Amino acid sequence: MLKNERGITLVALVITIIILIILATVAISFAFGNNNSSKEDYSANSTRYTDDSIANLQTYLEGIIANPTITQ
């Protein structure tokens, strides 16, 4: 065998392939986005988030007023 052989090692090749797979996964998820309709997106409409928060607080306070001896 020649001592001056040059080339890519198997470890460098595997690391390069792993990095490319990770980058491809991130790019695909970014391109298609997260279309999960079960989660509500409050960042798009802060008024809805505020209205829901006020409604939840109102329900909580009405429960305390109706039963002041029960701590919730």
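You'll find the structure just up there.
Let me sum up the structure you'll find in this document. (Residues numbered from 1 in each chain as written. Predicted model: local features only at pLDDT ≥ 70, side-chain atom pairs only at ≥ 80, totals over all residues. Heavy atoms only, no water.)

**As for the overall build of the protein**
Of the regular secondary structure elements, the protein holds two helices and zero strands. The buried share among the 72 residues of the protein stands at 1%. With the model as given, the accessible surface of the protein reaches about 7,100 Å², and the carbon-plus-sulfur share is 64%. (Helix = DSSP H or I, 4+ residues; strand = E, 2+ residues; numbered from the N terminus. Buried < 20%, exposed > 50% of the residue type's maximum accessible area, 1.4 Å probe, protein only. Areas by Shrake-Rupley, 256 points an atom, 1.4 Å probe, with all protein chains shown as cover.)

**Observations concerning a nonpolar patch on the surface**
The grouping of I8, L10, L13, V14, I17, I18, I21, I22 and V26 at the surface amounts to a nonpolar patch, some 860 Å² of accessible area in total. By the element assignment, I8 lies in the segment before helix 1 (10–32). (Patch = residues over 30% accessible without salt bridge, like charges linked within 9 Å, V, L, I, M, F, W, Y side chains within 5 Å. Salt bridge = Lys/Arg side-chain N within 4 Å of Asp/Glu carboxyl O.)

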